[in-house]
Amino acid sequence: MLPAIALVTAWSSPAAWSSVGGGISPTVTIADGVLMPRISLGTCCGSEVTHAFPAWWTSGGRGVDTALDYGKEVPGGKEAELSAAIASVGAPRSGVFITTKESSAKGRIRAGLDPLHLGPLCVGLDADYALSAVKADLAQLKVSRVDLVLLHAPCASDATNAKLWRGLEAALAQNLTRAIGVSNFDKARLGALLKAAATKPAEREMLEYCAEKGIVFEAYAAMRGCPFSDPRVQRVAAAHGVGASQVCLRWVLQTGAAMAVGLGKNESRMRSYAREDLGIFGFELSADEMATLSATGTQIKSCAPGA
C-alpha cells in the first residue's frame, strides 16, 4: 500500500497546479507572492530537529514544518530547538520557509500524547486565543514573522473554527505570518470554514475539491505505508535508478501534493535521507507507472469521498 496522505491546506491560484504531473517546480504558490517549498522537513512524531535541520539545510532543503505542541512539553520544545538549529547553521531568516500550527487545546497537550490534538475539546477558544498562540510561536522561534500558520485540527463546532480562523486572519493582518491554512480538516469542515472565511485557507475529491477551490494540498506521514519490497515498486525504482522511497515520494508529488518528510532520529543517516528526499525532482514517473503504483493500495485516505 502506498502512503496515505493527510490533509494540510493553503490558498493558491489554480495556475499553481499547472506544472504538476510534468516537470514539477520545487516550489508552489500558496498566497500572493508566497512560494512554499514542495518538500519541507517534518519535525513531528519521532523526527528530531537539532541535527536534522542542519542535515536538511546543507542538502539544499529550505522548508521546515513544526508546531508548539510537537515532541516535548512547552515552552522549550520543538520550536525552541528549531530556532537554535537554524541559528547553528547561520541560515538567514529569508532563506527558511517556516510552517507552524496552532493547537486547539488550552495548555498545549503535546501531539505525541494526543494524536487528535484535543481538536474536539475547544470550549472557550476564540480569535484572541488563536492570535495569542501565534505570538507564542514567534517567541519560541525567535522570529518576528513565520511563513505559514495552520489550525492544527478542527474543533467539533464550525462556529469555533470560524472564531479561531479570525484569529489567524488577525495575525495575517498584523504581518505575523505571510499565509494561513488548516490541518486535518475533512471536506465538510473545510467547506464550512470557506463559507465563513474572509481569507481562504492556504492547501484536493479532496485533491479535486481543493483544486476547484484553488487550495494547495500538503501531505504528511508521506512515507508511512510505502511498500518498499513490492516488486512493482522495485521495478519502477530500477527503471529510474532510484530507491523505492524516492518512488513513493515522487508518486505523492505527482498526485499534486506538497509534503513534509522527517529524517528520523539516527544522525548518521540524516544527510543521506535528506539528499534522497530532495532528489525526487530529478526523475518523472510515467502515466503507466503512476497507475501501477496507485494500484498497490488505497492512498490519499483523508481526501477520499466521505472520509
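If you're wondering where the values come from, they're calculated on a predicted model, not measured in any experiment. (Residues numbered from 1 in each chain as written. Predicted model: local features only at pLDDT ≥ 70, side-chain atom pairs only at ≥ 80, totals over all residues. Heavy atoms only, no water.)

Novice: Quick one: what's the story with the packing of helix H2 (residues 78–88) against helix H3 (residues 127–141), residue by residue and with numbers?
Specialist: Contact pair H2 / H3: the axes reach a minimum separation of 7 Å and the direction vectors enclose 40 degrees. Between H2 and H3, the crossing angle belongs to the class labelled oblique. Taking contact as the criterion, the partners of Glu79, Ala80, Leu82 and Ser83 in H2 are, on H3, Asp137, Gln140 and Leu141. The residue inventory of the contact of H2 with H3, partitioned by class, reads 3 nonpolar, 2 polar and 2 charged. (Axes fitted to C-alpha atoms, helices over the stretch in contact; angles between N-to-C directions. Helix = DSSP H or I, 4+ residues; strand = E, 2+ residues; numbered from the N terminus. Parallel < 35°, antiparallel > 145°, perpendicular 65-115°, else oblique. Contact = heavy atoms within 4.5 Å. Nonpolar A, V, L, I, M, F, W, Y, C, P; charged D, E, K, R; others polar.)

Novice: A description of the packing of helix H4 (residues 158–173) against helix H5 (residues 187–196) should follow, citing residues and the corresponding values.
Specialist: The relative placement of two packed helices comes down to the angle between their axes together with the axis-to-axis distance. Axis separation between H4 and H5 bottoms out at 10 Å; the angle between their running directions is 55 degrees. Judged on the interaxial angle alone, H5 and H4 are oblique. Handedness of the crossing formed by H4 with H5: right-handed. Here Asp158, Asn161, Ala162 and Trp165 of H4 lie close against H5, whose contacting residues are Arg189, Ala192, Leu193 and Ala196. Along the lines of polarity and charge, the residues of the contact of H4 with H5 split into 5 nonpolar, 1 polar and 2 charged. (Left-handed = near helix turned anticlockwise from the far one by under 90°.)

Novice: Provide a residue-level description of the nonpolar core, including the pertinent values.
Specialist: Across soluble globular proteins, nonpolar side chains have a tendency to be buried as a group. Of all hydrophobic cores here, the largest spans 67 residues; its most connected members are Phe53, Val96, Trp165, Leu168, Met259 and Leu263. Residues Val28, Ala31, Val216 and Ala258 belong to the second largest nonpolar core, which totals 11 residues. (Core = buried A, V, L, I, M, F, W, Y, C linked by side-chain atoms within 4.5 Å. Buried < 20%, exposed > 50% of the residue type's maximum accessible area, 1.4 Å probe, protein only.)

Novice: Outline helix H7 (residues 231–240), listing residues and values.
Specialist: Side chains three or four residues apart in an α-helix point the same way, a direct result of the helix having 3.6 residues per turn. Every buried residue of H7 is accounted for by Val233, Val236 and Ala237. The buried side chains of H7 occupy one side of the element, clustering within an arc of 100 degrees when seen end-on. Those residues of H7 that are exposed and aimed more than 90 degrees away from the buried face are Pro231, Arg235, Ala238 and Ala239. For H7, the elements touching its buried residues are helix H8 (244–254) and helix H10 (287–294). The opening residue of H7, the one whose side-chain oxygen lies 2.8 Å from the backbone nitrogen of Arg232, is Asp230. Immediately beyond the C-terminal end of H7, within one or two residues, lies Gly241, with a positive phi of roughly 65 degrees. (Arc of directions from axis to C-beta. Polar contact = N/O pair within 3.5 Å; in protein donor to acceptor, adjacent residues only side chain to side chain.)

None of this, on its own, says anything about what the molecule does.
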